[in-house]
Amino acid sequence: MSATSPRTVGPGVVTGVIALSGVVVSLMQTLVVPIIPQLPRLLDAEPSDASWVITATLLAAAVVTPIAGRLGDMYGKRKVLIGSLVALVAGSVLCAVSDALIPVIVGRVLQGLATGVIPVGISMLRDVLPAQRVGGAVALVSASLGVGGAIGLPLSAAIVENADWHVLFWLAAGLGAACLALVVALLPAPPSRVAERFDTPGAIGLAAGLVLLLLPVTKGGDWGWTSGSTLGLFGGGVVVLVLWAAYEVRVAQPLVDLRVTVRRPVLFTNLASILVGFAMYAMSLTLPQLLQSPEATGYGLGQSTLMAGLALAPGGLVMMALSPVSTRITARHGARTSLLIGVGVIGLGYAVGLFLMAEVWQIVVTAVIVSGGVGIAYAAMPALIMDAVPVTETASANGVNALMRSVGTSTSSAVMAAILSNMTLRLGPVEVPTEDGFRVTYVVAMVAAAVGLLLTLAIPRAVRAAAAPQAPGPGPAPAPASAPAADLPSTPSTTTPTETR
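Because the structure is a prediction, the values reported are computed rather than measured. (Residues numbered from 1 in each chain as written. Predicted model: local features only at pLDDT ≥ 70, side-chain atom pairs only at ≥ 80, totals over all residues. Heavy atoms only, no water.)

Relative to the helices and strands, Thr55 resides in helix α4 (residues 52-75). Those residues in contact with Thr55, other than ones at most four positions away along the chain, are Leu215, Thr218 and Lys219. (Helix = DSSP H or I, 4+ residues; strand = E, 2+ residues; numbered from the N terminus. Contact = heavy atoms within 4.5 Å.)

Below, the structure written as structure tokens:
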């Protein structure tokens, strides 16, 4: 451990603090789901304006992850973790004391900025843990993404049903403050490895391009997919990102090293991550609506928001429980195999779900299978990334991978909402999604998993040379920065595995 650590703690404590912080940060994504229908009334705003409470967090999370990763590589991962949690606490308090739309949106942006905790925390594990503990720790922290989302829904629903909605944000502030105190008191401060100037133009360009691209994805349903605003923003986002990429390959110290990003292991892992994020978020959007659809439809299960959340909560526990399984698969067969299994299980879950829609327990079975696949896949992706990039770029590369998952979830939100809003039946004064609409979302998620499986098969197998024996004992993990695929130029790295096609 670093000499600058606040105190000497064991690997389990380090992993536990980072995993808990990941759970709390990911909880922010589902924190306001139970009050979405009430937001226009609570904030005295039009429904289209109130939806920014959700959109703002998604956009902020997408923008911050690659930037936070680069800052962690340059200035120290512990500092970035502290800054991220400070933003979470500040945003939560701002929402807790506000009743107006604009302050709540600003608070939700600050909460979204805390998302950098997860990729930076995962990368920190590689720096400070003994080599034999890194795989299991990375898998556990990766699983925190699903656990936070799964427990957030029933927890938020229970609070909303029994207390004022502001309590949601006071709870978030308290949890964020507790994580902040643990990080300050217990986590080591490994030295930063990159003595470079921060690429401010690159950060601005990436942020602008992502906002222009993801904004119409999340708001296209409200604006119209063929409207001038939607198409104009899409086009503008593509142009900005192309110009940004042209700049990044020419600058000496880029925010994102695109030469590393286009290596086959990194590129296809990131592309597969988009599909995994898509399939995961489809479950979060579709299953609660099916559970809460009125029984009068003939297929709805008539559950309350709280009961729907409780029905999905076991999925989060399964994600956590399967993280050691993913670690063992990776240790024996490689992270590529773990990702293949995880994506395959996700597709299987949706296939089973097509025939299990009539009872609450059947929805629970679907959620558990899909969540199990997500847990295995999420644990494998950081391992694939860290094996393929130099040790000086682990946080940045994990940030880009987290961004790809955010692109997947944002796209899933738009696609599933479009399907369910266009396949409806009228039930009294309201329109509800049809049974066929829910089945179509399952099929679309299955297709996403199938494409993700094909992309994973395109990841080269990595065969490592035998490592020199090391003396036992604690110490930071070595820096096994893998070489890129043989068909692309690379920067030097400390070890060179051979990739077979």
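Between helix α1 (residues 11-27) and helix α8 (residues 131-162), whose axes approach to 7 Å, the crossing angle comes to 30°. The chirality of how α1 crosses α8 is right-handed. Residue-level contacts link Pro11, Gly12, Thr15, Ile18, Ala19, Gly22, Val23, Ser26 and Leu27 of α1 to Arg133, Ala137, Leu140, Val141, Ser144, Leu145, Val147, Gly148, Gly149, Ile151, Gly152 and Leu155 of α8. When the residues that make up the contact of α1 with α8 are grouped by side-chain class, the tally is 12 nonpolar, 8 polar and 1 charged. (Axes fitted to C-alpha atoms, helices over the stretch in contact; angles between N-to-C directions. Left-handed = near helix turned anticlockwise from the far one by under 90°. Nonpolar A, V, L, I, M, F, W, Y, C, P; charged D, E, K, R; others polar.)

Another aspect to go through is the nonpolar core. Val14, Leu31, Ile35, Val53, Leu125, Phe169 and Leu187 are the most contacted members of the largest nonpolar core, which has 55 residues in total. Of all the elements in the fold, those that place two or more residues in this core are α1, α2 (39-42), α4, α5 (77-96), α6 (101-113), α7 (117-128), α8 and α9 (166-186). If you look at the next biggest cluster of nonpolar residues, it comprises 46 residues, including Met357, Ile363, Tyr378 and Leu420. (Core = buried A, V, L, I, M, F, W, Y, C linked by side-chain atoms within 4.5 Å. Buried < 20%, exposed > 50% of the residue type's maximum accessible area, 1.4 Å probe, protein only.)

The next point concerns the packing of α4 against α6. Any two packed helices are characterised by how steeply their axes cross, that is the angle between the axes, and by the distance between the axes. It is at 7 Å that the axes of α4 and α6 come closest, and there the two elements cross at 30°. Compared by their axis directions, α4 and α6 come out roughly parallel. In terms of crossing hand, the pair formed by α4 and α6 is right-handed. Residues Trp52, Val53, Ile54, Ala56, Thr57, Ala60, Ala61 and Val64 of α4 form the contact with α6, whose participating residues are Leu101, Val104, Ile105, Arg108, Val109, Gly112 and Leu113. (Parallel < 35°, antiparallel > 145°, perpendicular 65-115°, else oblique.)

Another point: helix α13 (residues 264-292). Here α13 spans 43 Å end to end across 29 residues, near enough to the 42 Å set by a 1.5 Å rise per residue. Burial within α13 is extensive, with 21 of its 29 residues counted as buried. (Expected span 1.5 Å × (residues − 1).)

The next point concerns the pattern of salt bridges. This model, assessed by the stated rule, comprises 3 salt bridges. The closest approach of N and O atoms between Asp73 and Lys77, which form a salt bridge, is 3.7 Å. Under the relative-accessibility criterion, Asp73 is labelled buried at 2%. Of the charged contacts, one joins Glu435 and Arg439 as a salt bridge, the two residues approaching to 3.2 Å between their closest N and O atoms. In this pair, Glu435 and Arg439 both sit in helix α18 (residues 435-457), 4 residues apart, roughly one turn of the helix. Classification of Arg439 as partly exposed rests on a relative accessible area of 27%. Three or more residues joined by partner-sharing salt bridges are found here, namely Asp73, Lys77 and Asp127. (Salt bridge = Lys/Arg side-chain N within 4 Å of Asp/Glu carboxyl O.)

Per the counting criterion, the structure on display carries 3 aromatic pairs. Geometrically, the ring pair formed by Trp165 and Phe169 is edge-to-face, given 6.1 Å between the ring centres and 85° between the ring planes. Each member of the pair Trp165 and Phe169 is classed as buried. Measuring from ring centre to ring centre gives 5.9 Å for Tyr350 and Tyr442, while their planes differ by 75°; the resulting arrangement is edge-to-face. In this pair, Tyr350 sits in helix α15 (residues 335-353) while Tyr442 sits in helix α18, placing the two residues 92 residues apart along the sequence. When the ring centre of Tyr378 is taken as origin, the NZ or CZ atom of Arg405, which lies over that ring, is 4.9 Å away. (Phe/Tyr/Trp six-rings, centres within 6.5 Å; stacked < 30°, edge-to-face > 60°. Lys NZ or Arg CZ within 6 Å of the ring centre and 35° of its normal.)

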